[in-house]
Amino acid sequence: MIRYYLKYRCFKMSSNSDKWLRLCFEPKELQLKGTLNGGQSFRWKQIDSEWIGVFNSKLWRIKQYEHGIEFKVYTSNDDEPLVKKQKIIESSCSTDIESIKELRDYFQLDFNLREHYTQWCKADELFNSVANDFYGIRMLKQEVLENIFSFICSSNNHISRISSMVEKLAIFYGKEICSYNGSTYYAFPTIEALNQDGVETKLRDNGFGYRAKYIANTAKIIAEKGGNKWITALQAMPYKEAKSELMTLTGVGAKVADCICLMSLAHTSAIPVDTHVYQIARHYISDMPKQKTVTDKLYQRIGDHFRKLYGPSAGWAQTVLFCADLKKFQARD
DNA sequence: GGCTTACCTTTCGG
DNA sequence: ACCGAAAGGTAAG
């Protein structure tokens, strides 16, 4: 068993509250652009040299630099419990350590990416050919609820439109975090907020199309199954069980369920087979049937192929191929 | 089990 | 500028 080590160091850039914190790691462990802009999360935008986005009900500004990343985090003040506020006054560094931990979890920095890249390069020529250009692409560990509703929005849809839909969900039903640089940022909504009357109508009026019903129904189903308790139970399930549980939700089929398993439940071998992956798979599998649609059987077969090729973290490897495939068609930057 | 069709709307490309 | 097609699919028959 190989143990992986990464070096983390944190220090303040200045002593006042408006400080940048640093998270250091080996080169090529994380590329912000490929990771945040690769179609996993729809809530990040690049402004000048920094990435701005929301997760865990906080606003994060993150910059890549030579030996890691620098970041600032903003929380809404009014919901901090008194005890926590006192704690902040006593020791501002404790929140810094919490922030660092949250960020490490979000980027899953305990996963040694470079070692895996080396293995995937050996295992597969196509991976090897894109690995240099698409280094440092990680799976994020996202909030489960955001992940579920984001990918319900993703069906038959463009990334640009998905992003605007997720933003609308946050604006309509999420709690305000803060304003920064002329924009107001909102947390992703709770299940209670999404399970109100009138959600379907409002979303339909705002261009969600048939997904409005999926979202309203799914919110209802999750609430009836116990809301956050259901989420906790889901997080404890093994991959197959979690996948079939997710597929009981409206608008969640095999592909979306696998996205959620991979991107927020840490099931590293889940392979979401979409049109891109299907096209990629055609290059690998010689006797691939000429069907236009992906049947259940074919879906399974394609996933198994990549799992055999890349091993237990095949989902991570496949995401790198997906990013490479995405960028091929948008080489405008 | 596999195949077809409808589904909403926006964005993209010719 | 206009218009058809595609867009990280799913559900129903």
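On a predicted model such as this, the values are computed, not experimentally measured, just so you know. (Residues numbered from 1 in each chain as written. Chains lettered and ligands numbered in written order. Predicted model: local features only at pLDDT ≥ 70, side-chain atom pairs only at ≥ 80, totals over all residues. Heavy atoms only, no water.)

Engineer: I keep staring at the sheet that holds strand β4 (residues 58–65) and nothing clicks. Help me out?
Structural biologist: Within a sheet, each strand pairs with its neighbour through backbone hydrogen bonds, oriented either parallel or antiparallel. Here we have 5 strands laid out as an open sheet, ordered β1-β5-β4-β3-β2, and antiparallel in their pairing. Each of the sheet's edge strands pairs with one partner strand only, and the pair in question is β1 (21–24) and β2 (45–47). For this sheet, the mean inter-axis angle between neighbouring strands, taken without regard to orientation, is 30 degrees. (Pairing = 2+ DSSP bridges. Helix = DSSP H or I, 4+ residues; strand = E, 2+ residues; numbered from the N terminus. Axes fitted to C-alpha atoms, helices over the stretch in contact; angles between N-to-C directions.)

Engineer: I'm lost on the packing of aromatic side chains in this one. Help?
Structural biologist: For any two aromatic rings, the description comes down to two numbers: the centre-to-centre distance and the angle of the planes. In this structure the tally under the stated criterion is 18 aromatic pairs. When the ring of F172 is compared with that of Y173, the centres are 6.1 Å apart and the planes differ by 85 degrees; the resulting orientation is edge-to-face. One aromatic cluster is present, built from ring pairs that chain together W44, F55, W60, F71, Y106 and F107. For the cation-ring pair, K28 lies above Y135, with the distance from its terminal atom to the ring centre recorded as 5.3 Å. Positioned over the ring face of Y210 is R211, at 4.4 Å from the centre of the ring. (Phe/Tyr/Trp six-rings, centres within 6.5 Å; stacked < 30°, edge-to-face > 60°. Lys NZ or Arg CZ within 6 Å of the ring centre and 35° of its normal.)

Engineer: Is there a simple way to explain the domain arrangement of chain A in this structure?
Structural biologist: The domain boundaries assigned to chain A delineate domain 1 (2–110) and domain 2 (144–332). Per-residue buried area on domain 1 facing domain 2 is highest for Q40, F42 and R43; these three make up 35% of the total on that side. Counting every contact that joins domain 1 to domain 2 gives 0 salt bridges. Where domain 1 touches domain 2, the interface holds 2 residue pairs in polar contact (both at pLDDT 80 or more). At the level of elements, β3 (50–55) and β4 are the ones that each hand at least two residues to the side of domain 1 that touches domain 2. Taken together, the residues of the side of domain 1 that touches domain 2 break down into 5 nonpolar, 10 polar and 7 charged. (Domains from an automatic or database assignment. Buried area = accessible area lost by both parts, 1.4 Å probe. Salt bridge = Lys/Arg side-chain N within 4 Å of Asp/Glu carboxyl O. Polar contact = N/O pair within 3.5 Å; in protein donor to acceptor, adjacent residues only side chain to side chain. Nonpolar A, V, L, I, M, F, W, Y, C, P; charged D, E, K, R; others polar.)

Engineer: Teacher, can you tell me more about the protein's contact with DNA strand C here?
Structural biologist: Around DNA strand C there are 24 residues in total, and N156, N157, I159, D274 and F322 lie nearest to it. In the model, a base nitrogen of DNA strand C is placed 2.8 Å from a nitrogen or oxygen of the N156 side chain. Within the backbone of V256, a nitrogen or oxygen atom sits 3.0 Å from a phosphate oxygen of DNA strand C. Among the elements that make up the surface near DNA strand C, the one with the highest residue count is helix α13 (residues 254–264) (4 residues). Here the residues of the surface near DNA strand C sort into 10 nonpolar, 12 polar and 2 charged. (Near = heavy atom within 4 Å.)

Engineer: Explanation requested: unusual backbone geometry in the structure shown.
Structural biologist: Only a minority of non-glycine residues have a phi that is not negative, and only a minority of peptide bonds are not trans. Here N181, not a glycine, exhibits a phi torsion of approximately 55 degrees, which is positive. With respect to the helices and strands, N181 occurs in the loop between β6 (176–180) and β7 (183–186). A relative accessible area of 61% places N181 in the exposed class. (Buried < 20%, exposed > 50% of the residue type's maximum accessible area, 1.4 Å probe, protein only.)

Engineer: Looking at this model, I keep getting lost on helix α14 (residues 275–284). Mind explaining?
Structural biologist: What sets the pattern is the α-helix's 3.6 residues per turn: residues three or four places apart point alike. Among the residues of α14, V277, Y278, I280 and A281 are the ones counted as buried. Here the buried residues of α14 occupy an arc of 165 degrees about the axis, which is enough to place them on one side. For α14, the exposed residues set more than 90 degrees away from the buried face come down to T275 and H283. At the N-terminal boundary of α14, the capping side chain belongs to D274, with an oxygen 2.8 Å from the backbone nitrogen of H276. (Arc of directions from axis to C-beta.)

Engineer: For this particular structure, what's the right way to read the confidence of the model for chain A?
Structural biologist: Atom-level detail of predicted coordinates should not be read off regions where pLDDT is low. Considering every residue of chain A, the mean pLDDT works out to 90; 88% of them sit at 70 or more. For residues 1–16, every residue scores under 50 in pLDDT, and the model assigns this stretch 35 contacts once sequence neighbours within four places are set aside. (pLDDT = per-residue confidence, 0-100. Contact = heavy atoms within 4.5 Å.)

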